[in-house]
Amino acid sequence: GMYALLHNADRLQHDHERAARFAAELQRLDDGFRLLRNGKVDTNMVYFAIPEHSLVESQDKLCSRMEVEYDVRMWGGYRMGGR
């Protein structure tokens, strides 16, 4: 929110570009990932659903791995299959 605007505005454009690249990569994989909002990415947030056949064990493990390996912070209403 406001803190980010006051203290991290210089990163905002970079974060938006990273989000767009991340969404494009999910679409390119063609492996069952569903981008919500019809794939629209107009901020630094990407909404997607993990395919049911995914090897992801848990939300916590996925979020931790994405942050450690890719410097991507994830959270939210994660549900297998996006339902």
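All values derive from a computational prediction rather than experimental measurement. (Residues numbered from 1 in each chain as written. Predicted model: local features only at pLDDT ≥ 70, side-chain atom pairs only at ≥ 80, totals over all residues. Heavy atoms only, no water.)

1. Things to note about the overall build of the chain
Step number 1: Of the regular secondary structure elements, the chain holds three helices and two strands.
Step number 2: Helices and strands in the chain line up, N terminus first, as α-α-β-β-α.
Step number 3: Buried positions account for 18% of the 83 residues belonging to the chain.
Step number 4: Taking all contacts inside the chain whose residues are at least 6 apart in sequence as the whole, residues at least 24 apart take part in 41%.
Step number 5: Working note: accessible area of the chain is about 6,600 Å², and carbon and sulfur atoms make up 52% of it. (Helix = DSSP H or I, 4+ residues; strand = E, 2+ residues; numbered from the N terminus. Buried < 20%, exposed > 50% of the residue type's maximum accessible area, 1.4 Å probe, protein only. Contact = heavy atoms within 4.5 Å. Areas by Shrake-Rupley, 256 points an atom, 1.4 Å probe, with all protein chains shown as cover.)

2. A few points about the pattern of salt bridges
Step number 1: One pass over the full model with this rule turns up six salt bridges.
Step number 2: Between Asp42 and Lys40 there is a salt bridge whose closest N-O contact spans 3.5 Å.
Step number 3: On the accessibility criterion, Asp42 (40% relative accessible area) is partly exposed.
Step number 4: Of the charged contacts, one joins Arg73 and Asp71 as a salt bridge, the two residues approaching to 3.1 Å between their closest N and O atoms.
Step number 5: Look at the salt bridges and you will find they share partners, linking Glu67, Asp71 and Arg73 into a network. (Salt bridge = Lys/Arg side-chain N within 4 Å of Asp/Glu carboxyl O.)

3. Some points on a nonpolar patch on the surface
Step number 1: Residues Met2, Leu5, Leu6 and Leu12 make up a contiguous nonpolar surface patch of about 420 Å² in total accessible area.
Step number 2: Sort the elements by how many residues they give to the nonpolar patch and helix 1 (residues 2-7) lands first, with three residues.
Step number 3: Relative to the elements of secondary structure, Leu6 occurs in helix 1.
Step number 4: For Leu6, a relative accessible area of 61% gives the class exposed. (Patch = residues over 30% accessible without salt bridge, like charges linked within 9 Å, V, L, I, M, F, W, Y side chains within 5 Å.)

4. Here we look at the packing of aromatic side chains
Step number 1: Evaluation of the coordinates by the stated rule reveals one aromatic pair.
Step number 2: Both rings, one in Phe22 and one in Phe48, keep their centres 5.6 Å apart while their planes meet at 70 degrees; by these two values the pair is edge-to-face. One end of the pair, Phe22, is in helix 2 (residues 9-29); the other, Phe48, is in strand 2 (residues 48-49), with 26 residues separating them in the sequence. (Phe/Tyr/Trp six-rings, centres within 6.5 Å; stacked < 30°, edge-to-face > 60°.)

5. Some points on helix 2
Step number 1: A rise of 1.5 Å per residue sets the reference length of helix 2, with its 21 residues, at 30 Å; its end C-alpha atoms lie 31 Å apart and thus fit the reference within 8%.
Step number 2: Packing partners of the buried residues in helix 2 comprise strand 1 (34-35) and strand 2. (Expected span 1.5 Å × (residues − 1).)

6. Details of the environment of Ala49
Step number 1: Among the secondary structure elements, Ala49 is positioned in strand 2.
Step number 2: Judged by relative accessible area, Ala49 falls into the buried class, the value being 3%.
Step number 3: Residues Ala49 and Phe33 lie 16 residues apart in sequence; the distance between their C-alpha atoms is 5.8 Å.

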